[in-house]
Amino acid sequence: MSDHLRIATALGASGWHPGAAGLDRAFALATWRELIGTAEGAGIDFVTIEDSFVRRDAGHLDALLIASAVAPSTSRIGLVPTVTTAHTEPFHVATGLQTLDHASRGRGGWRVQIGDARAEAPLFGRRDPDALPLGDLLDEAGDVIEVARLLWDSWQDDAVIRDVETGRYFDRDRIHGAHFNGRFFGVEGASIVPRPPQGQLPVTVLAHAAPVYELAARHADVVYVTPSDDGSAAALLGEVRDAEHRVRRTGESLRVYADLLVLLGDSAASARDELARLDEAAGAPLASDALVVATTADDLVNRIAAWHALGYAGFRLRPARLPEDLVRIGRDVLPLLDAAGLHGAGDETGTLRTRLGLPEAPNRYTDSQKKEAVA
Amino acid sequence: MSEKRRIHLAAHIPGVNNTTIWSAPDAGSQIDFESFEHFSANAEKGLFDYLFLAEGLRLREHKGRLHDLDVAGRPSTLAILSAIAGITDHIGLVGTLSSTFNEPFELAKQLASLDHLSGGRAGWNVVTSSDAFHGANFRRGGYLDFAERYERAAEFVSVAKELWNAGVDAPVSHHGKHFDVEGDFPVPVSPQRHPVVVQAGDSADGRSFAAQHAEVIFSRHSEFDAARAFYDDVKGRLGQWGREEDSLKILPASTFVLGDTAADAAEKARETALAQVSPQTAIAFVEQIWGKDLSAYDPDGPLPDIEPATDVTVTRGRVRHENPAAVAKAWREKADAEKLSIRDLVIALSGRHSFIGTASQIADEIDRAVQERATDGFVIVGATNPHGLDDFVAEVIPELQERGSYRTSYDEGATLRENLDLPPLVPGSTSLVRTPVGAAQ
Ligand SMILES: Cc1cc2nc3c(=O)[nH]c(=O)nc-3n(C[C@H](O)[C@H](O)[C@H](O)COP(=O)(O)O)c2cc1C
């Protein structure tokens, strides 16, 4: 695996500073094409797209559908929509993401989120908001991921045979029902969608506490954490590795990404002034789970390099203003990283898994057949 | 001279059933995006009102095992339509989505998003399939009583419309038998405000649901007399809901076989039917009615002499026949009278094509059916994926244009509702009523 670091950016209908102006025409496909096209052109590895059922600010569109709509006009960047688990149908979640992977020819990923489950409950009216303890919601999210992974494997890659002699389009022994029956829901059948190009879409989780590190360690490929300084950057890495031990993770270790909320200026002073101006517009200083970095591109690159040396596989940058900070990340930050040999400008083709340095995903059923054959 | 009625055509994305021939030399993938790229570019070239995508939420089974004789594998409806929105500019995008295995808040959010991303081209074919077989893939599981399916669908559609009308401007509060929805909607009012609502059920309940809530019906009655009877029946129901004839478009599913001459077309029709009804498919088709394993019977021989099982369903995941004994009896009579083998009978029953002929003959038939008010148009179903409509677009569409009843270009910036020449929605309303009926409403 290359030790190049990876750069993601987190997009929503507005920048991450509440005082920043919302995107112009945030509901038009052209706007999203341009934003994500800018990120792709700059060599950013993937974008995550925010979503929720609860309305934020002036509203927003469904993230999976934004990613799907942008898929055909992009060709390299990974598309990682937020899809929540508490009030959605696991079957639709899995097959929707699987379809994104087909439409993007292997560039789909998933940012799993429980969502604001309690606030969202009245929008659905089928779960009591007071009976949704966090532990259950996390367990349920784990089950949703497990079912999605079962469904993504449910068709073996060679299931379609088109055998005129016997009249069979597919080999039914190469398609497998999920047969999942959990505490929160069940899914019986196979996916209606053939196996996605990546086999398994990369699964990513934002985590701030031990139970969520464990969820990520059990089920995810990438975890985003939110260090507040150099000390906590080192400590959080340790916490993630501890969680991996506790859940006895096997195979590839989690790729740990640090989230940073980024406001860039030509000088550190101008960035700080702009931050103060936005704070004033918002009526309060910016409060964020992620470290707020209002500085120059050089400064940001120094921090990224230092944390990468600690063991961070990548960084998810949340632009304070859209599109300004996204444009600056692309124009100023990526070239510096590339020049420093920290970020691979070259290897930008292929699937999102390849970009993330994840190995090919074997199909669990193909494997078990092989084992049986050997035994 | 009175103007001709405009023909409305939709392009059916090749479905998961034996109409789609997988053994053809040019048969492509059911799922690779390339197939959707070709299919939608061709449909947009043919100036169709919309693309239509069916839905099946579980792989079909036959005799307790996956049904492996037909094409299988399909995309998830909303994600693929959104991706297609990214490669098209004018054509409508109509997806089939169940009102049983979805919740109104989420589906309303997704459809409003699709309407934004496509610039007002979204449509929703509301289906009510609700058996336990499909339910086993979903949280609600189980089964919804037959009578309750359309009740839930109607409440589902009206909650969705409340949410679409509210946009981000006002909270919605709905408390009904099937749904409790309380809070703010995250998506602003979309270009069409409500995606076009399509309906595809055939029962009396289905028809009244359509008369009240739908703007398009996808029907299965394509043959002229049956189409006209259906047209009269459903359009006759509109008055009681204060709606006018043209506020609901009826588009039956239609297949076609195109030839250079009538004789050439007839020969191709036979070849097409043979490819659609393989020997194994013929047996499986009869097993559906007989309710038992008939694999020992010769597809080129006569129908089984044994009686069908009553009350046995061997096929799951498709609409089933209600009375097997009566169906078997009718089939026997037909096979005896016409001296048909099993396979020939199945071809005669299921492999019938709506239109067979030269481009000019097919155009005449389509035009006549629309001008004589047997229908408002058709949903055209090709026999292969993704090239099944290539010839239709190249040859039949120009003929229709010559007859003056088919568009020669899209109207710039038109929404799906405008493509369909449907009346605009009444602002703020959740119903399609334009002229209040009877006393004060
Ligand atoms: C032409 C046509 C197409 C249909 N397509 C679908 C489909 O794609 N998916 C589905 O679940 N049901 C489909 N249906 C089923 C209907 O929507 C409906 O649920 C079913 O016919 C039972 O309703 P009914 O009793 O009113 O006919 C279709 C029905 C017709 C007539």
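Being a predicted model, the structure only gives us computed values, none of them experimental.

What counts, and where the lines are drawn
Residues numbered from 1 in each chain as written. Chains lettered and ligands numbered in written order. Predicted model: local features only at pLDDT ≥ 70, side-chain atom pairs only at ≥ 80, totals over all residues. Heavy atoms only, no water. Helix = DSSP H or I, 4+ residues; strand = E, 2+ residues; numbered from the N terminus. Rg over C-alpha atoms; globule rule 2.2 N^0.38 Å. Buried < 20%, exposed > 50% of the residue type's maximum accessible area, 1.4 Å probe, protein only. Contact = heavy atoms within 4.5 Å. Areas by Shrake-Rupley, 256 points an atom, 1.4 Å probe, with all protein chains shown as cover. Buried area = accessible area lost by both parts, 1.4 Å probe. Salt bridge = Lys/Arg side-chain N within 4 Å of Asp/Glu carboxyl O. Polar contact = N/O pair within 3.5 Å; in protein donor to acceptor, adjacent residues only side chain to side chain. Nonpolar A, V, L, I, M, F, W, Y, C, P; charged D, E, K, R; others polar. Axes fitted to C-alpha atoms, helices over the stretch in contact; angles between N-to-C directions. Parallel < 35°, antiparallel > 145°, perpendicular 65-115°, else oblique. Left-handed = near helix turned anticlockwise from the far one by under 90°. Pairing = 2+ DSSP bridges. Near = heavy atom within 4 Å. Core = buried A, V, L, I, M, F, W, Y, C linked by side-chain atoms within 4.5 Å. pLDDT = per-residue confidence, 0-100. Phe/Tyr/Trp six-rings, centres within 6.5 Å; stacked < 30°, edge-to-face > 60°. Lys NZ or Arg CZ within 6 Å of the ring centre and 35° of its normal.

**Some points on the overall build of chain A**
Phase 1: A tally of regular secondary structure across chain A gives twelve helices and 13 strands.
Phase 2: In terms of overall size, chain A behaves like a compact globule, its C-alpha atoms giving a radius of gyration of 21 Å where 375 residues would be expected to give roughly 21 Å.
Phase 3: Expressed as a percentage of the 375 residues in chain A, the buried residues total 59%.
Phase 4: When contacts within chain A are restricted to residue pairs at least 6 apart in sequence, long-range pairs at least 24 apart make up 76% of them.
Phase 5: Carbon together with sulfur atoms contributes 50% to the accessible area of chain A, which is approximately 14,000 Å² in total.

**Let's talk about the interface of chain B and chain A**
Phase 1: Contact with chain B, which involves 61 residues of that partner, is made by 62 residues of chain A.
Phase 2: For the pair chain B and chain A, the summed buried surface comes to about 5,400 Å²; carbon and sulfur atoms form 60% of the total.
Phase 3: Counting the surface chain B buries against chain A, the share from its top three residues, B:Trp22, B:Leu117 and B:Arg139, is 16%.
Phase 4: Counting across the chain B and chain A interface gives seven salt bridges.
Phase 5: For B:Lys109, the salt bridge identified is with A:Asp51, shortest N-O distance 3.0 Å.
Phase 6: On inspection of chain B and its partner chain A, the count reaches 28 residue pairs in polar contact (both at pLDDT 80 or more).
Phase 7: Here the side of chain B that touches chain A takes eight residues from helix α3 (residues 104-117) of chain B, the largest share from any one element.
Phase 8: The residue inventory of the side of chain B that touches chain A, partitioned by class, reads 29 nonpolar, 17 polar and 15 charged.

**Some thoughts on the packing of helix α5 (residues 134-152) of chain A against helix α6 (residues 210-219) of chain A**
All names here are of chain A.
Phase 1: Where α5 meets α6, the axes come as close as 10 Å, and the angle between the chain directions of the two elements is 15 degrees. With respect to α6, the axis of α5 lies roughly parallel. Seen from above, α5 lies across α6 with right-handed handedness. Between α5, through Leu138, Ala141, Gly142, Ile145, Glu146 and Arg149, and α6, the contact on the second element is made entirely by Pro211, Val212, Leu215 and His219.

**Quick look at the pairing of strand β2 (residues 50-53) of chain B**
Residue and element names in this part refer to chain B.
Phase 1: By the alternation rule, side chains of β2 split into Tyr50 and Phe52 and Leu51 and Leu53, which are all buried.
Phase 2: As paired strands, β2 and strand β5 (residues 92-98) are joined by four bridges and run parallel to one another. In the sheet register, Leu53 faces β5, and the bridge partner there is Gly95.

**Points about the packing of helix α12 (residues 359-371) of chain B against helix α13 (residues 390-402) of chain B**
All names here are of chain B.
Phase 1: At their nearest, the axes of α12 and α13 sit 8 Å apart, and the two run at 55 degrees to each other. One finds that α12 runs oblique with respect to α13. Seen along the crossing, α12 lies across α13 with a hand that is right-handed. Listed contacts from α13 to Ala359, Ser360, Ile362, Ala363 and Ile366 of α12 are Phe392, Glu395, Val396, Glu399 and Leu400.
Phase 2: Among the residues forming the contact of α12 with α13, the class breakdown is seven nonpolar, one polar and two charged.

**A closer look at the site of the ligand**
Residues and elements named next belong to chain B.
Phase 1: In the vicinity of the ligand there are 17 residues, among which Glu55, Ser129, Tyr150, Ala200 and Ser203 approach most closely.
Phase 2: At a separation of 2.7 Å, a nitrogen atom of the ligand approaches a polar backbone atom of Glu55.
Phase 3: The side chain of Ser203 places a nitrogen or oxygen atom 2.5 Å from an oxygen atom of the ligand.
Phase 4: The fraction of the free accessible surface of the ligand (620 Å²) that becomes covered by protein chains is 83%.
Phase 5: Listed by contribution, the elements that provide at least two residues to the shell around the ligand are α5 (146-166) and β10 (216-219).
Phase 6: Among the elements that line the shell around the ligand, the one with the most residues is α5, at three residues.
Phase 7: Looking at the shell around the ligand, its residues break down into six nonpolar, seven polar and four charged.

**Regarding the nonpolar core**
Phase 1: In this structure, A:Trp110 and B:Phe48 are the most contacted members of the largest nonpolar core, which totals 173 residues.
Phase 2: Counting residues in each nonpolar core, the second largest holds 18 residues, with B:Trp290, B:Trp331, B:Leu340 and B:Ile347 among its members.

**What about the environment of B:Gln288?**
Phase 1: Inspection of the secondary structure assignment puts B:Gln288 in helix α9 (residues 279-290).
Phase 2: By relative accessible area, B:Gln288 is classed as buried at 17%.

**Describing the confidence of the model for chain B**
Phase 1: On average, chain B scores 93 in pLDDT, and the residues at 70 or more come to 97%.
Phase 2: Scored by ipTM, the complex comes to 0.97, with pTM at 0.97.

**Focus: the sheet that holds strand β3 (residues 61-62) of chain B**
Residues and elements named next belong to chain B.
Phase 1: What the three strands build is an open sheet, ordered β4-β3-β12; its pairing is antiparallel. Across the chains shown, the open sheet's two edge strands, defined by having one partner strand only, are β4 (65-66) and β12 (315-316).
Phase 2: Here β3 pairs with β12 via two bridges, running antiparallel. Along β12, the bridge assignment pairs Glu61 with Arg316.

**Structural notes on the packing of aromatic side chains**
Phase 1: Within this structure, the stated rule accounts for 23 aromatic pairs over all chains.
Phase 2: An angle of 75 degrees between the planes, with centres 6.3 Å apart, marks the rings of A:Trp110 and A:Trp152 as edge-to-face. Pair noted here: A:Trp110 is in strand β4 (residues 110-113) and A:Trp152 is in helix α5, with a separation of 42 residues, a long-range link.
Phase 3: Centre to centre, the rings of B:Tyr150 and B:Phe209 are 5.5 Å apart; their planes meet at 45 degrees, and the pair counts as tilted. In this pair, B:Tyr150 is assigned in helix α5 and B:Phe209 in helix α6 (residues 204-213), connecting sequence segments 59 residues apart.
Phase 4: Residue B:Tyr150 is classed as buried on the basis of its relative accessible area, which comes to 9%.
Phase 5: Judged by its relative accessible area of 5%, B:Phe209 falls in the buried class.
Phase 6: Directly above the ring of A:Tyr224 sits A:Arg316, whose terminal nitrogen or CZ lies 4.3 Å from the centroid.
Phase 7: Cation over ring: A:Arg318 sits above A:Trp16, and NZ or CZ is 4.6 Å from the ring centre.

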